[in-house]
Amino acid sequence: MRLFVMTLSQMIVLIVGTARRFAWPTVVALLALAVLGLVYTKHHLRMDSNTDDLFAQSLPWRQAQIRESRDFPQFDNLIVAVVRAQTPEEGRETAAALNAALNQDKANFVDSQYPAGASFYTHEGLLLLPTDQLAKLLTSIVAAQPFLGQLAADPSARGLFTGLGLIAQGVSTGANLTPYAGALEGVQKNLGAAASGHPVPLSWQSLITGSLGAQDAEFVLAHPKLDRGTLQPGGAATAALVRIAKTLPNVQAGRATVNYTGQIPLSDEEFASLTQGLVVGGIISVLLIALWLFLALRSWRLILPILATLVLGLALTISFAAVFIGVINLISVAFAILFIGLAVDFAIQFCVRLRDVRHGLTDLARAIPETGRQAGGQIALAATATACGFFAFAPTPFVGVAELGIIAGAGMFIAFFCTITFLPALLWLFRPGSEALPVGLPFGAQMDRTLYRLRRPVLLVFGVLAVAGAISAATIGFDANPLDTKDPNSESMRTLNQLLANPATNPFYADALTPNLEAARALQARLAALPEVAGTMSGATFVPEQQTQKLAMLAQVRTILAPTLLAADSPASTVTAASIRAAMATAHAAILQVAGQLPKDSPLLGIAAALAQLQTASDAQVMAMNAAITRFLPAELQRLNSSLSPQPITAASLPQDVAANWFLPDGQVRVEAFPTSAAQNTAGLNRFAQAVLAVAPDAGGPAISTIATAETILHSFREAALLAFIAISVILLAVFRNLRDTLLVLMTLALSALLTALFAQLWGLSINYANIIALPLLLGVGVSFNVYFVMNFRAGMRKFLSSATAQAVLFSALTTGTAFGSLAASHDRGTASMGLLLLLSLVAVLIATFIFLPAMLYALSAEANRRAAVPEQNARKA
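None of these values were measured; they are calculated from a predicted model. (Residues numbered from 1 in each chain as written. Predicted model: local features only at pLDDT ≥ 70, side-chain atom pairs only at ≥ 80, totals over all residues. Heavy atoms only, no water.)

Below, the discussion takes up the sheet that holds strand β3 (residues 109-113). Sheet architecture is open: 4 strands sit in the order β3-β4-β2-β5, paired in antiparallel fashion. A single partner strand is all that each edge strand has here, and the edge strands are β3 and β5 (256-261). Taken pair by pair, the neighbouring strands of this sheet meet at an average axis angle of 20°, ignoring direction. Pairing analysis gives 5 bridges linking strand β2 (residues 79-85) to strand β4 (residues 218-224), with the strands arranged antiparallel. Opposite valine 83, over in β4, you have glutamate 218 as the bridge partner. Contacts from helix α11 (residues 235-247) reach β2, β3, β4 and β5 within the one sheet, and its direction differs from that of β5 by about 175°. (Pairing = 2+ DSSP bridges. Helix = DSSP H or I, 4+ residues; strand = E, 2+ residues; numbered from the N terminus. Axes fitted to C-alpha atoms, helices over the stretch in contact; angles between N-to-C directions. Contact = heavy atoms within 4.5 Å.)

Quick look at the structure:
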């Protein structure tokens, strides 16, 4: 092995010397190779922004996800428009208009659906209600029959006021107004607005059928045309939706709003937040990096070669990705951060060591190969160990990180190759000056003395910190909710957060397939009994039980309301302002006659006050009030008429657009379970998923796949960490041929990891999908820095912090930390958490490398000195 190390050292010296002697050919050849690689990359490297492709398709939960996407493709790649309005009618009207406009925009949308707008829900919707709710609703409708009869005969403000007069007359005979309270309050509000000169539409749905069919929002589901070659594949379609929404009449009138969410805008906005402030942040980072390089190297003749080497290595690494991988995913794109953070360390190490060599050797022609001899082996070992750490991710099913590991691992060898070829050639061409003073940290000598003196207390403190770090590592949480890594202030996240409180619109549902309707009802009942489940729905929900009883109830009510409904088809007399005023006066007088019998907060008294004001209004104001109040009345009467005459529902009679969401062609029925509000955090979501799986082992859906994804990620990182530990240990043992020195590197690396866990917990930072990528970099940086110090120790160095190596490590860390700092300031929460964890891990590595490792080395050195002194003392005594 000593022969191998000598041969490797000689080979590095030979390569460095050759690159120096043939500087121009070396530079030109490597630049030409980079250009060819970038040309190839431009035509062959594609960007895959599909998050589903981040995991191996062989995983059971991915196979279930693929099957569900195949069976129910309508639920994938959606932009969900959420329509809210002042009244349910305006909401339906706006959603229908939006849906029609999106379907016409074939340039940006494949199709669009407004599920709640299907005629099925108008005609057969009452059959879907539980029997007790249906009975309660029909009772209230029958109780309002006299009022409805007047409106059906005269669907105008005149008819409304006549009906109000009848209600007031009923008060004198002891009638109970409680069933009318909600309706009267709605009328009072609208008449008050009209009296103040701002007439608004009246919701007759709310007055006639109460909450039947009413929703907090209406949903339009659009499939956009995606450009997968960009970071925002649905950006154009989302922008088109916003433009179309602004043209809708109710939106322009301020009566309705259209927001959006869904898989596509959530993903697009995440990448938009990544680029926000990128230019300014990039400029600041570059300036700070230039500052650190200047402080470390003191010469632009050293700085420019380093930057050029960095750019060349990055270009060659991108070319490698294009040739051997062919695709960059949403995680492997982070290879650039990893490469810059580690490759700059190799270059800084070489140049700082060159400065140290040139303090005693002014001849640049001899100093460059000598630097290769002193630093080349260390950099080679650091690059190899780091690359193996990255390659350990390759066999994991977490494809995103596996490809990142392959690219970053290859990038370490590319960076090493550029450091011993391109960099020496540029250094010869730029010809930096010699060094008049020794190279090292100004405070290094004092720290060396202090650490030597306090080595035992220092090691004791780190022992305590290691225990605390181990506890933190065991208790630190993993945030499995992907929404927590997104910007809460983005449009899609604001909209989604408003939907989370409603179980029916919570995106983390679970679903399962059953062989038939009977099995679906049985599974639905078992799921509904779970405390973690807030509600259920299935294909059986749309083929309800007890239809015979419900149809009989509806037929009875239809018979009672027949005169009323028939009156709606008769033409009413012409409505004039004068006739409306006459009806106002009659209603006003009727209410005043019973005012003493009404409570002070009765809406009838408020109606009387509004009528008094309206009687003095102009004809135009009166007719505007009439138009607003009756705007939705005819349609609501027709809707009521249709809803009372449903047809029996069977699985075969369901409309295709309804059946497609719940039934497969082979008869299988989908069952869906909604979580309670407790599932909005990872622990609650996990409990919900486990509870559902205990009842339906084959269940899938977002809740199940989210928890399975977290388990896959954690398993992949545990597997990679074990493989990396084994690979790095084998390499270090093969090179060091010494268990003690190998353990020094591994112990310091393990301490860095424990300190990172401790710092993260103290900061309140949990591990998530985004910041877990910091762990490979912790591995790479930690191995590199530790290898330099241990190899110096093996070479006989006993003053570690005053060495050129320490200066190179410190400024390399500052340079890397600056890049990470720009990530921590990102507008994207996931990226910011990744940058923060990277910074914390870098601080942990520096503390372990600059304090713990030297203290350990001093302890070993002192012990060796003590043992060496024992024979001398014995000899003297003899």
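On the surface, Leu722, Phe725, Ile726 and Val730 cluster together into a nonpolar patch covering about 400 Å² of accessible area. Of note, leucine 722 is situated in helix α32 (residues 702-736). Judged by its relative accessible area of 53%, leucine 722 is exposed. (Patch = residues over 30% accessible without salt bridge, like charges linked within 9 Å, V, L, I, M, F, W, Y side chains within 5 Å. Areas by Shrake-Rupley, 256 points an atom, 1.4 Å probe, with all protein chains shown as cover. Salt bridge = Lys/Arg side-chain N within 4 Å of Asp/Glu carboxyl O. Buried < 20%, exposed > 50% of the residue type's maximum accessible area, 1.4 Å probe, protein only.)

Looking at the element boundaries, aspartate 698 is found in the loop between α31 (682-695) and α32. Using a relative accessible area of 74% as the deciding quantity, one classes aspartate 698 as exposed. In this structure the C-alpha to C-alpha distance between aspartate 698 and alanine 64, which are 634 residues apart in sequence, comes to 8.4 Å.

Strands sit in the order β7-β9-β8 across an open sheet of 3 strands; the sheet is antiparallel. Each edge of the sheet is formed by a strand with only one pairing partner; in this case those strands are β7 (510-514) and β8 (533-538). Geometrically, the sheet is characterised by an average inter-axis angle of 20° between neighbouring strands, direction not taken into account. Running over the sheet, α31 touches β7, β8 and β9 (669-675) and is turned about 150° from β9.

For the pair helix α16 (residues 335-360) and helix α19 (residues 422-430), the least separation of the axes is 11 Å and the interaxial angle reads 40°. What the angle tells us is that α16 and α19 run oblique. The interaxial crossing formed by α16 with α19 has right-handed handedness. Residues Ala347, Phe350, Cys351 and Leu354 of α16 form the contact with α19, whose participating residues are Leu423, Pro424 and Leu427. Of the residues belonging to the contact of α16 with α19, the class tally is 7 nonpolar, no polar and no charged. (Parallel < 35°, antiparallel > 145°, perpendicular 65-115°, else oblique. Left-handed = near helix turned anticlockwise from the far one by under 90°. Nonpolar A, V, L, I, M, F, W, Y, C, P; charged D, E, K, R; others polar.)

Proximity of charged atoms lets side chains of opposite charge pair with each other. Taken as a whole, this structure holds 15 salt bridges when the rule is applied. In this structure, the salt-bridge partner of arginine 639 is glutamate 636, at a minimum N-O distance of 3.1 Å. You can see arginine 639 and its partner glutamate 636 sitting in helix α29 (residues 633-643), 3 residues apart, about one turn around the helix. Glutamate 636 shares its class with arginine 639; the two are buried. Between arginine 794 and aspartate 741 there is a salt bridge, and its shortest N-O distance comes to 2.7 Å. On the criterion of sequence distance, the pair formed by arginine 794 in helix α34 (residues 774-794) and aspartate 741 in helix α33 (residues 739-763) is long-range, its members being 53 residues apart. Aspartate 741 gets classed as buried once you look at its relative accessible area, which sits at 1%. Look at the salt bridges and you will find they share partners, linking Glu90, Glu93, Arg255 and Arg631 into a network.

Another aspect to go through is the packing of helix α6 (residues 131-143) against helix α7 (residues 145-153). Each packed pair of helices is defined by two parameters, the angle between the axes and the distance between the axes. Contact geometry for α6 and α7: axes closest at 5 Å, N-to-C directions at 60°. As judged from the angle between their axes, α6 and α7 are oblique. Contact with α6, carried on its side by Ile141, Val142 and Ala143, involves Gln145, Pro146 and Leu148 of α7 and no other residues of that element. Residues that form the contact of α6 with α7 fall into these classes: 5 nonpolar, 1 polar and no charged.

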